[in-house]
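One letter stands for each residue in the lines below.
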Amino acid sequence: MERTLSGPPPRLTAPEGTVDTQMHCYLPSYPSAPGALPLPEGETGPEAYRKVMAWLGIARAVVVQGNAHAADNANLCAALAAFGPLARGVAVITPATTDAELERLHHAGVRGARIMHLPGGAVGLRALKEVAAMAHAMGWTLNIQFDGGEIETHEAALAAIPGRWVLDHHGKFFEGAAPGDARIAALLRLIDGGRAHFKLAGCYESSRSGAPDYADVSAVARAVVAHSPERAIWGTNWPHNLIKRSEDYPDDAALMDLLLDWAPSEADRRRILVDTPAALYDF
């Protein structure tokens, strides 16, 4: 598996201070956790990602705990130490995580907690209430990922989250969703509640129409940005863990350029790439 780490620059010129809010990083001395998903192949460490940053114009990054390490945040903390002040982390915590451990993670640069209610996730929506309260008490942002087709079922629980939270990966509407339908209406209601945000990352994971424009996911992205540009954030989803063959590896510059369609206003792109993520993750 060979990852493309550089190439022709994107057409979009990243504003100063651009934040990638969705990337994973794997250091070679941290094996996958027992029973967890395997580590992705190829170059997935800090030095490889720094090349991508230089290519795309990324200044800061949010390192999200990968499923391969389950609830063991040691690799995440090591990655944050390697990146230094330009990075923040999103860890996996459980209702049993102690106050001392939360403080240790915060000191290491963690500013978020992850709920992953999909196969391979370490902590699902069953723990939402407890984990949300713990994250809120720390001043962290909660990242939540599930099949967006179930958003109406979970709407009441999501609306009750006490602090800031992000719906990951374009909502992962695996069965499809379009502006104006009930699922997108539920999403916009949650955004209007004042605490929900929407992450523009990994569009290829749920798109049915596919590359190059991912028309189905793009329609929802445009609708969210038009509705509340201050509630959208963006990420590369590097190193694209679900891609298993070099020939299927996405073009990170082309994915970044989709923002020109989703957020035609330069002022809105600055909100998405700089202002909102800096506030959410304490840069």
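Residues numbered from 1 in each chain as written. Predicted model: local features only at pLDDT ≥ 70, side-chain atom pairs only at ≥ 80, totals over all residues. Heavy atoms only, no water.

**Here's the deal with helix H7 (residues 215-227)**
Then, in step 1: The end-to-end C-alpha distance of H7 is 18 Å, a good match for the 18 Å that 13 residues give at a rise of 1.5 Å each.
Then, in step 2: Buried within H7 we find Val-217, Ser-218, Val-220, Ala-221, Val-224 and Val-225. For H7, the angular spread of the buried residues around the axis is 160°, confining them to a single face.
Then, in step 3: Residues of H7 that are buried in the fold lie against helix H6 (182-192), strand S7 (196-200), strand S8 (232-234), helix H9 (259-262) and helix H10 (266-280). (Helix = DSSP H or I, 4+ residues; strand = E, 2+ residues; numbered from the N terminus. Expected span 1.5 Å × (residues − 1). Buried < 20%, exposed > 50% of the residue type's maximum accessible area, 1.4 Å probe, protein only. Arc of directions from axis to C-beta. Contact = heavy atoms within 4.5 Å.)

**Considerations on the environment of Val-224**
Then, in step 1: For Val-224, the position within the fold is in helix H7.
Then, in step 2: Among the residues examined, Val-224 registers a relative accessible area of 0% and is labelled buried.

**Let's talk about the nonpolar core**
Then, in step 1: Counting 82 residues, the largest nonpolar core has Leu-142, Ile-144 and Leu-200 as its most contacted members.
Then, in step 2: For Leu-142, the residues in contact, after removing those within four places along its chain, are Ala-113, Ile-115, Leu-128, Val-131, Ala-132, Ala-135, Ile-161, Arg-164, Trp-165 and Val-166.
Then, in step 3: Counting 8 residues, the second largest nonpolar core, distinct from the first, contains Val-64, Ile-233, Leu-280 and Tyr-281. (Core = buried A, V, L, I, M, F, W, Y, C linked by side-chain atoms within 4.5 Å.)

**Considering the pairing of strand S4 (residues 110-116)**
Then, in step 1: S4 sits mainly inside the fold: 7 of its 7 residues count as buried.
Then, in step 2: Two strands pair when backbone bridges link them, and strand S3 (residues 87-91) and S4 are joined in this way by 3 bridges, in the parallel orientation. Note that in S4 the partner of Ala-91 across the bridge is Ala-113.
Then, in step 3: As for the winding sense of the linkage, the β-α-β connection from S3 through helix H3 (residues 99-108) to S4 is right-handed.
Then, in step 4: Where S4 lies against strand S5 (residues 141-145), 5 bridges are found, and the strand directions are parallel. Each residue of the ladder has a partner; that of Ile-115, found in S5, is Ile-144.
Then, in step 5: Running through helix H4 (residues 128-138), the crossover from S4 to the neighbouring parallel element S5 is right-handed. (Pairing = 2+ DSSP bridges. Right-handed = clockwise from strand over helix to strand, strands pointing away.)

**A look at the pairing of S5**
Then, in step 1: With 5 of its 5 residues buried, S5 lies for the most part within the structure.
Then, in step 2: Every second residue of S5 is oriented toward a common face, with Thr-141, Asn-143 and Gln-145 on one face and Leu-142 and Ile-144 on the other, all of them buried.
Then, in step 3: Here S5 runs beside strand S6 (residues 165-167); their pairing, made up of 3 bridges, is parallel. Within S6, the residue paired with Ile-144 across the bridge is Leu-167.
Then, in step 4: Each parallel crossover has a hand, and for S5 linked through helix H5 (residues 151-159) to S6 it is right-handed.

**Some remarks on helix H1 (residues 46-56)**
Then, in step 1: Within H1, the full set of buried residues consists of Pro-46, Ala-48, Tyr-49, Val-52, Met-53, Trp-55 and Leu-56.
Then, in step 2: Lining the buried residues of H1 we find strand S1 (19-23), strand S2 (60-64), helix H2 (74-83) and helix H8 (252-257).
Then, in step 3: Among the residues trailing H1, Gly-57 stands out with phi positive, at a value near 85°.

**A word on the packing of H5 against H6**
Then, in step 1: Their axes nearest at 10 Å, the elements H5 and H6 cross at an angle of 10°. In this view, H5 runs roughly parallel relative to H6, as classed from their interaxial angle. Every residue of H6 that contacts H5 at Ile-151, Glu-152, Glu-155, Leu-158 and Ala-159 is listed here: Ala-182, Arg-183, Ala-186, Leu-187, Arg-189 and Leu-190.
Then, in step 2: Residues of the contact of H5 with H6, tallied by class, amount to 7 nonpolar, no polar and 4 charged. (Axes fitted to C-alpha atoms, helices over the stretch in contact; angles between N-to-C directions. Parallel < 35°, antiparallel > 145°, perpendicular 65-115°, else oblique. Nonpolar A, V, L, I, M, F, W, Y, C, P; charged D, E, K, R; others polar.)

**Concerning the sheet that holds S7**
Then, in step 1: Taking strand neighbours across the sheet as the criterion, the 8 strands line up as S1-S2-S3-S4-S5-S6-S7-S8 in an open arrangement whose pairing is parallel. The open sheet has two edge strands, S1 and S8, and neither has a second partner. Pairs of neighbouring strands in the sheet enclose a mean axial angle of 25°, with direction left out of account.
Then, in step 2: Contacts from H6 reach S6 and S7 within the one sheet, and its direction differs from that of S7 by about 125°.

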